[in-house]
Amino acid sequence: MNHPEVIVCVGGGGVGKTTASAAIALSLANSGRRVLIVSIDPARRLADAMGVELGTQARALSLDSGSGQLYGLMPNPDDALRTFVEFLFEEEPAAVERLLQNRLYQVLEAAVPGIHELAAISLTWRAIVEHEVDAVVIDTAPSRNAVDFISYPKSLAKLLGGRAVGWMAAIGKRTSIVSPDDRMGRVEQLLVRALGPVARDVAGLFAEMARVRKRFILLNEHTSKLLLRPETRYFLVASSTAAARDDVGYLIKKLGKLDMTPQAILLNSAFVPEREWAHVLEAASVTTAAIDEVLSTLTLDREARQRATARFTKDFSKRYPNLPQVLLPFVEAVEPRSIVHALAQYLDFPALVASR
Ligand SMILES: Nc1ncnc2c1ncn2[C@@H]1O[C@H](COP(=O)(O)OP(=O)(O)OP(=O)(O)O)[C@@H](O)[C@H]1O
Ligand SMILES: [Mg+2]
């Protein structure tokens, strides 16, 4: 399998990550590529942006043109734990059932940070292989911690390699573990006493988890390949607000710590394209006060947006002189999917990635 090109959109809340991700994916697919778009945003807005139902199974989406393919995947946060466990015990349905019966199973959900992200990564990998895609676009959650999940599998693998887990796994292998017995070492006996009646569940859970260390390592590799290769392209989506600018700064630092350099800033809703109909009205020989007022309000609005954009592009250039900025238009449409289609027509992806 050739490694797919990976594009990740990150940024503050509401700046247009989902819209920009969908537009990038659509424009790539329109240009003939086999593309997978994945959203790990629990808000599940990708379905609106694509205008179709999406779920845990990647499904084929329709294109505007061209011979490419577009698949959409939107893992459900409510199914995350089950999906994750199914990935870990892929060839062992009996172990999945045993875990589901375990009274402590639900504890895992609270104990493992980023379980939804981990489930999403395992599903993404499955879809890449299944549909032989050559590009993957990832839409992330509106959180400053959006890039934290990159290191989750590593910390989990470390946790599972820890001593306590080794003990619990050893206890779990014994058949009778409800009370401490003579065959146990002192530490094991203490653990079982301390845990009391749930000892069997705890030990059982860890015994199962310790057996899948290899799958954790695999998940870790998948994550690194998707998110941490130097070729992975991170786009910082922003709008012309102080909050979005601060989020960009924070994310650049965070990516830097992971040795990742962002590709570009996508400044969304940065300008209003020329309105043909406004020119027609302006040129009309007959006009009314109401029309004049509408036209002047629109002009003022357009100019205000232009000024805000100029302020922020100047600020970004000063702070990050080597980081290209790409301005995306404000699209006057109500339907999220119409906005995505308009932006996809507008985006020139080869130019976008050549910018660095
Ligand atoms: N260029 C644009 N022109 C007009 N409307 C836009 C544009 N980009 C995004 N929007 C609209 O703004 C809203 C927020 O966009 P979107 O959901 O893509 O942001 P997000 O960053 O993914 O949000 P969240 O942080 O909640 O995940 C949506 O209603 C979307 O349709
Ligand atoms: Mg979103």
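Calculation rules
Residue positions are counted from 1 within each chain, in the order its sequence is given. Chains and ligands are labelled by the order in which they are written, letters from A for the one and numbers from 1 for the other. This being a predicted model, a pLDDT of at least 70 is required before a residue's local features are given, and a value of 80 or more before pairs of side-chain atoms are given or counted; all residues contribute to the totals for chains, interfaces and linings. Only hydrogens and water are set aside; all other atoms, that is, all heavy atoms of the structure, feed into the side-chain values. Here a residue is near a molecule or strand as soon as one of its heavy atoms is found within 4 Å of it. Whenever two N or O atoms come within 3.5 Å, that pair is a polar contact, provided that in protein one can donate a hydrogen and the other can accept it, and provided that, for residues adjacent in sequence, both atoms are side-chain atoms. Computed with a 1.4 Å probe, the accessible areas rest on the Shrake-Rupley method; for each residue, only the protein chains presented here act as cover. Helix and strand assignments follow DSSP, with helices taken as H or I runs no shorter than four residues and strands as E runs no shorter than two, numbered in order from the N terminus. Put simply, Ala, Val, Leu, Ile, Met, Phe, Trp, Tyr, Cys and Pro go in the nonpolar bin, Asp, Glu, Lys and Arg in the charged bin, and everything else, Gly too, in the polar bin. For two strands to be treated as a pair, DSSP must find no fewer than two bridges joining them. Comment: axis = line fitted to C-alpha atoms, over the contacting stretch for helices; angle = value between 0 and 180 degrees taken between N-to-C directions. It only takes one pair of heavy atoms within 4.5 Å for two residues to be counted as in contact. Accessibility here uses a 1.4 Å probe with only protein chains present; expressed as a share of the type maximum, an area under 20% marks a residue as buried, one over 50% as exposed, and anything in between as partly exposed.

Right, let's talk about the site of ligand 1 for a bit. Residues in close proximity to ligand 1 total 19 residues, the closest being Gly14, Lys17, Thr18, Thr19 and Pro142. With respect to ligand 1, the backbone of Gly14 contributes an N or O atom lying 2.7 Å from an oxygen atom. Taking 630 Å² as the accessible area of ligand 1 by itself, protein coverage stands at 80%. Contributing elements (two or more residues each) for the shell around ligand 1: α1 (17–30), β7 (264–271) and α15 (336–346). When the residues that make up the shell around ligand 1 are grouped by side-chain class, the tally is 8 nonpolar, 8 polar and 3 charged.

Next up on the list: the sheet that holds strand β5 (residues 135–139). If you trace the 8 strands from one edge of the open sheet to the other, you get β3-β4-β2-β5-β1-β6-β7-β8, paired in mixed fashion. In this open sheet, the two strands that pair with only one neighbour each are β3 (59–61) and β8 (325–329). Within this sheet the neighbouring strands show an average axis-to-axis angle of 25°, counted without direction. Across 5 bridges, strand β1 (residues 5–11) lies against strand β6 (residues 233–238) in parallel orientation. Opposite Cys9, over in β6, you have Phe235 as the bridge partner. Against the sheet, helix α6 (residues 115–131) touches β2 (34–39), β4 (69–73) and β5, its axis set at about 165° to β2.

Moving on to the pairing of β6. Among the 6 residues in β6, 6 count as buried, and that is most of the element. Side chains Arg233, Phe235 and Val237 of β6 all project onto a buried face; the interleaved residues Tyr234, Leu236 and Ala238 project onto the opposite face, where all are buried too. As judged from the 4 bridges shared by β6 and β7, these two strands associate in the parallel manner. Bridge pairing in β7 links Phe235 to Ala264.

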